[in-house]
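# Analysis of the macromolecular model
If you want the building blocks of each chain, they are given just below.
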Amino acid sequence: MASLCGQFDCASCPAENCAGCSETGGKPFGGRCIAAEWISEGGQEAFAHRRQAVMDEINGLGIPGLRVESLNLLSGAYVNLAYPLPSGQAVRFLDDKAVYLGAQIEVDGMEKCYGAVADDRFLLVCRYGGGGSDPELVCYKK
């Protein structure tokens, strides 16, 4: 299997449900992959430029302590937390089959860390405890 983005060694990937980027036309888990789409549209340079633009947008939100230095490609199944709403209902906003740009940001003095997840349609920032416990939605921006 081959990775379109060049960021993964598919031969040593632990993901059991990944069918490979090249073999699936950039849909390794069955859903869209933001890296595959952006690379197909404009190559590695365009992908790097757009990833930087997402980081700039996250950093520009003005959330205290939130500073993104890099974004990784993350499976939706890995980062799709259920956020409690005031009604008591818990809601998931992501697609488990998609691949997003994301980062975990630890802030000195905070018990919880920030999580940031994005693609070309939205940006989500949350706070959560160890192992994704007690998630809180901080920002969801389309």
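For clarity, every value in this text was computed on a predicted model and none was experimentally measured.

What counts, and where the lines are drawn
Residues numbered from 1 in each chain as written. Predicted model: local features only at pLDDT ≥ 70, side-chain atom pairs only at ≥ 80, totals over all residues. Heavy atoms only, no water. Pairing = 2+ DSSP bridges. Helix = DSSP H or I, 4+ residues; strand = E, 2+ residues; numbered from the N terminus. Axes fitted to C-alpha atoms, helices over the stretch in contact; angles between N-to-C directions. Contact = heavy atoms within 4.5 Å. Salt bridge = Lys/Arg side-chain N within 4 Å of Asp/Glu carboxyl O. Buried < 20%, exposed > 50% of the residue type's maximum accessible area, 1.4 Å probe, protein only.

Here we come to the sheet that holds strand S7 (residues 136-141). Read across the open sheet, the 5 strands follow the order S1-S4-S5-S6-S7; overall the sheet is antiparallel. Only two strands of the sheet have a single partner each, and these edge strands are strand S1 (72-75) and S7. Strand-to-strand twist across the sheet, computed as the mean angle between neighbouring axes with direction ignored, equals 30°. Pairing of strand S6 (residues 123-128) with S7 involves 5 bridges; the strand directions are antiparallel. From the neighbouring strand, Arg 127 faces S7, where its bridge partner is Glu 136. Helix H2 (residues 34-59) rests against S1, strand S4 (99-105), strand S5 (113-118), S6 and S7 of the sheet, and its axis sits at about 30° to S4.

Now for the pattern of salt bridges. Scanning the model with the defined rule gives 8 salt bridges in all. With a closest N to O distance of 3.9 Å, Arg 67 and Glu 69 form a salt bridge. The pair Arg 67 / Glu 69 is uniform in exposure class, with both members exposed. Here the salt bridges share partners, and the residues they tie into one network are Arg 32, Glu 37, Asp 119 and Asp 120.

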